[in-house]
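# Architecture and fold: a report
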Amino acid sequence: MRNLLGSALGGMALAVSLALALPALADDTLDRGIGSEWSSLDPQVNFDAAAGWIQMDAYEGLVTFDGTGKVIPGAAESWDVSADGKTYTFHLRDGLKWSNGDPLVAQDFVNGILRTLNPETASEKGYYFYSVIQVKGAKAIADGETKDAATLGVTAPDARTVVVEMETPNPHMLDIMGGFQVAPLHSPSFAADGAGVFIDPAKVVTNGAYMFKEVVPQSHVLLVKNPNYWDAANVKIPQVRYLVTEDVNTELKRYQAGEIDITYDIPVNQIEALKASVPAEVSIGPSTEVTYYSFNLQRPPLDNIDVRRALSLAIDRETLQAKIVKGGAIPSYSYAGGFDPDYHGPQIAEATMAQADRDAMAKELLAKAGYGPDNPLKLKIVTTVAEDRVRLAQGVALMWKKTLGVEASVDSMERKAWLDAFYAGDWDVFGDNLVGDFAGAETFLAYMRPSAEPGYNWVKPEYDAAMDVAAEEVDPVARNEKLAAAEKILLDDSIFAPIAIEPTRHMVSPHVKGWSTSAAGYNNTQFLSLE
Amino acid sequence: MLRFIGKRLWDGGLTLAALVTLTFFVMRLAPGGPFSKSRKISPEVLANIQKTYHLDEPIWMQFARYVKGLATFDLGPSTRFRDYSVGDMIASGLPWSVTIGIWAILVATLVGIALGVAGAMRRNSATDYAAGIVGVVGVAVPIFVIGPLMQVIFALRLGWVPVGGIAEGWRALILPVLVLALPNIAYISRLTRSSMIETLRENYVRTARAKGIGEGRVVRGHALKGTLLPVIAYLGPATAAIITGSILIETIFALPGIGRHFVDAALNRDYPLVMGITLLYGALLILLNIVTDLIRAWIDPRLRNGR
C-alpha cells in the first residue's frame, strides 16, 4: 500500500505545478462531457455507459457501431453464422496491432472474455455472456465452478479466428460483441502490472482508434490518436478529452464558453430556450432507457387487473411529458423496442383512444372494483430523487387524483435506497426504469421473464413459454414477430403502466461534423471530425 | 507547553477513534450497498464481488479489518472508483481542495482585515458602508447563487476566466477562490471592525496616542495585534471549514477536489472512501484547532499564563 502522506505531498506538488503550467487549448482536441466520473477504466470491469464512450475510443471489439448504432465490422473484417444460429466465426483483419506495436491476435479476445468472467476480477458484467447471450460454459466460469478455459465456448483456433458458441441462437450477439463489454486483453502488460495498468497512460496498451495520454481522477481523460490502429488514416480528430461534468448547469455554461464541444446532458429547464435559440446544436433522440410504473401485485386491490388498467388509462402520457416533465422523453404505450426500427411490437389496447375516453373508461373500471370519490384508493409511489423523476411522479399522482380521486403520495428516495425498496416490496407503485443491454426489444422482454426477475411477483408460465419459443428462432424477422407475441401477453396483464422512452440529450457544437443520434448510445470519436 | 500539546493530541486521538467507530457503523444503516447498481446481476456474481471486498464477513470482523488497516495507513480500496485505493483518491483530490482553500483563506484574511480596519478608522464613512454592504452580501447570498452568477459574468460575458475545469491552470482557480473567500471576507471584516473599534478605546492605545505617535503607527504597531485575536480564533475553524466545505464550489466549478469524492462516495455507498475522508476531515479540524490555540497563546500572554 502506498504511503498516504507521501502520495499526498507528491500530489500537492503536482497540483501546484499543474496550476502554474498554462497549457494552450488546442483546437485539434474534441472535448466531450461524460457526467459523473467513470467508475473504472478497466475494460473488463467498467459498467458505466458514459465510461463506455472512453472505452469505445480506446478499445475496439470484433465488431463496432457507426454513429447511428448500426453494427459494422471492427477488428473482425467478416463473420460467418452457422445454420442453427448458435456459432459465430469471426475473421480478424490482417496485420492488426496493439498501440505498442505488438500483434493483436484472436486469443487476446478470448482472454478478455475469460478475464471478465473470472470471479477474481469481480466484474459486474459477466452476465452479458451467460444471461444476455448464453455462451457455452460462461456461467460455470463466472460462478467459480471451473477455471478451465477450455470449457468456455469462446475459442481461437488460429491467430485470426475467434469462434463463439452459444447454447441458444441469438442474433443480438453482435450487439454485445461490439459494445464496450468485449475488449481484447493485452496479456503481457496486464501480467506485469495487474489492473493498475489501465489507469497508467505510460503502460496501458490499447487496440482502438485512440490511446491514453492523461488520466486525472474527477477531472478528465485525454486520448490521442493511435498510430497503430488499422484505420488510423481515416481517424480525423487528433485528440479527444473526456471531461467529468457532474453539474449539468456548469456543463452547459462550459459548452457556451467553448470549453466543451459535446455535452453529456442538457439541463431540463433549459431545453426549450436552447431549442429556440440554437436548434441545430440541440441533439435529442430516443435512448434504450424505458420508464414504466410497476404495480405491486401482492397488495390488494392492485392484484385486480381492473384497478391496474384504470390507473394506467388515467395517465395522460402526452401532457405528462410535454407540460410537466419537459425533458424530451417520448410518451410510450408499449414496453420494448420503441427505438428499434426492426421491431414492430404491440401497444396497450387503449393506445388509440382519446384521453377523454380513456379517463371515462378508467373511472368505470375503478368504480367496478369498488373505489370512487367517497371511497378513495390510497397509494404510495416510490421513485428516485432525480428532479425529472419526482416531477413525473407528482404529475402521475395529480392525474390520478383529478380523474380517479386516488390519493397517491410520492416517496422519493436516493437511488440505492430505491433499488433496495424494490425487493423490500414496500411500495404500491414503483417508478421503474430499465436500461437495455443493447438497442433491441429482446433485452427488455427477457428481463421481464418471471424466471429472470422474481421481484415483480408475476406468475405467467405462458410468457416464459412464449419467450422460449422466440429464443429458439434464428431468423431475425421471425424472432421479432415471436417477441412481439410475447410482449402482447405482458402488456395484456397490465402489471405496469408504460410511460415513456427516455431521451439522450446532448449539445453538439457546430464545429463537430458527423454526429447523429444513436439509441445504442455509441458515438465513437473516430467517425467525427472538427471544423 | 509540550504537556498542553500532548494532551490536546491525545484528546484528538480519542475523538478520531470515536469518529471512526461511529461512522463505520452508522454508514451501514443506510439502505443499499456499494454493488447494488442494477437488478440484473446474478446473486452468485454479486456474492463473489462482495467476497472480494470482504463485505460478506460479519460487521465486527470488517471493523477489525479496517482498524488493522488503519494502523498501517492502509485506508482500503475504493468501491466507487474501482481503479483506485482510498489513499490514491485522497492524494489526487486533497491538493486541489487545499490549494483553493489556502488561497481563499489568504484572500479572505487580507481583504477582510483591510476592509475591517478601514471601516473602523472611518466609521460611518462611504468606505465603511461599502464594506458593510460587501459583508451583508457575502454572508447572505449562498455560494450556489453567487458561483453561477460569477461564471456568467466573468467567464461567459467577459471571457476573463474559464467557467470550470482545470485545463487553463491557475486561471481556473480565480473564481472558485473568490467565491469561497467571499463569505469569509464578510465575516472577517465585521469581526475586525468591531474588534478594532473596541481596541482603539483601550488604555494602552490612548497611552500610545498620548505619547504623540502618529495614528498609522498606533494602528499598525499597537492596536492591530489586539484586534486580531478574535480573527485568529476564527481562522482555525474557518480554514478547516473552507477546505472541507468546498463541496459545492468543486461541483459548480468542476474541480477534482476531495469534497466531490466525499459526496460521490456517500451516494455510492463507498464505505472505505467515506471512512477515509471522514477521518481526514476530522483530523484536519482537530489539528487546526490545536494550531489556532497555540497561535493565540503565543500572541496573547494572558492565555499562556492562565494555564
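The subject of this paragraph is the interface of chain A and chain B. Taken together, the contact between chain A and chain B spans 68 residues of the former and 60 residues of the latter. Interface of chain A and chain B: buried area, both sides summed, is about 5,500 Å²; carbon and sulfur atoms make up 58% of it. Looking at the side of chain A facing chain B, the largest losses of area belong to Glu124(A), Gln218(A) and Lys416(A), adding up to 14% of the total buried there. Joining chain A to chain B, the criterion identifies three salt bridges. Arg269(B) is the salt-bridge partner of Glu414(A), the closest N and O atoms lying 2.9 Å from each other. Seen at the junction of chain A and chain B, the total is 17 residue pairs in polar contact (both at pLDDT 80 or more). Among the secondary structure elements, those contributing two or more residues to the side of chain A that touches chain B are helix H1 (4–20), helix H4 (127–132), helix H5 (138–142), strand E8 (210–216), helix H8 (248–256), helix H14 (415–424) and strand E15 (429–435) of chain A. Ranked by residues supplied to the side of chain A that touches chain B, first place goes to H1(A) with nine residues.

With that settled, consider the confidence of the model for chain B. For chain B, the average pLDDT comes to 85, and 97% of its residues sit at 70 or higher. Within chain B, no element has a lower average pLDDT than helix H13 (residues 301–306) of chain B, which sits at 64, and none a higher one than helix H6 (residues 143–157) of chain B, at 91.

Another aspect to go through is the environment of Ile176(A). Relative to the helices and strands, Ile176(A) is located in helix H6 (residues 173–178). Take Ile176(A): its relative accessible area is 0%, and that puts it in the buried class.

Attention shifts here to the pattern of salt bridges. Residue and element names in this part refer to chain A. What the rule picks out here adds up to 35 salt bridges over all chains. Measuring nitrogen to oxygen at the nearest pair gives 3.2 Å for the salt bridge that ties Lys368 to Asp306. In this pair, Lys368 sits in helix H12 (residues 355–368) while Asp306 sits in helix H10 (residues 305–313), placing the two residues 62 residues apart along the sequence. According to the relative accessible area criterion, Lys368 is exposed, its value standing at 63%. Glu407 serves as the salt-bridge partner of Lys378, at 3.9 Å between the closest nitrogen and oxygen. Placement of the pair is Lys378 in strand E13 (residues 378–384) and Glu407 in strand E14 (residues 407–413), with a sequence separation of 29 residues. A relative accessible area of 58% means that Lys378 is categorised as exposed. One network of salt bridges, in which partners are shared, links Arg299, Lys380, Asp411, Asp426 and Asp428.

Cut-offs and rules
Going along each chain's sequence as written, the residues are numbered from 1 onward. Chains and ligands are labelled sequentially in the order written, the chains with letters from A and the ligands with numbers from 1. Predicted model: local features are reported for residues with pLDDT of at least 70 only, side-chain atom pairs are reported and counted for 80 or more only, and whole-chain, interface and lining totals are derived from all residues. Each side-chain value is worked out from all heavy atoms of the structure, with water and hydrogens disregarded. It only takes one pair of heavy atoms within 4.5 Å for two residues to be counted as in contact. The buried area of a pairing is the accessible area, by a 1.4 Å probe, that goes missing from both parts when the two are put together, added over both. Each reported salt bridge corresponds to a side-chain nitrogen of Lys or Arg within 4 Å of a carboxyl oxygen of Asp or Glu. Identification of polar contacts relies on pairs of N or O atoms within 3.5 Å, with a donor-acceptor requirement for protein atoms, meaning one able to donate a hydrogen and the other able to accept it, and with residues adjacent in sequence counted only if both atoms are side-chain atoms. For the purposes of this entry, the term helix denotes a DSSP run of H or I that reaches at least four residues, the term strand denotes a run of E that reaches at least two, and both are numbered from the N terminus. On a range of 0 to 100, pLDDT expresses the predictor's confidence in each residue. In this scheme, a residue with accessible area under 20% of its type's maximum is buried, one over 50% is exposed, and one in between is partly exposed, where area comes from a 1.4 Å probe on protein chains only.

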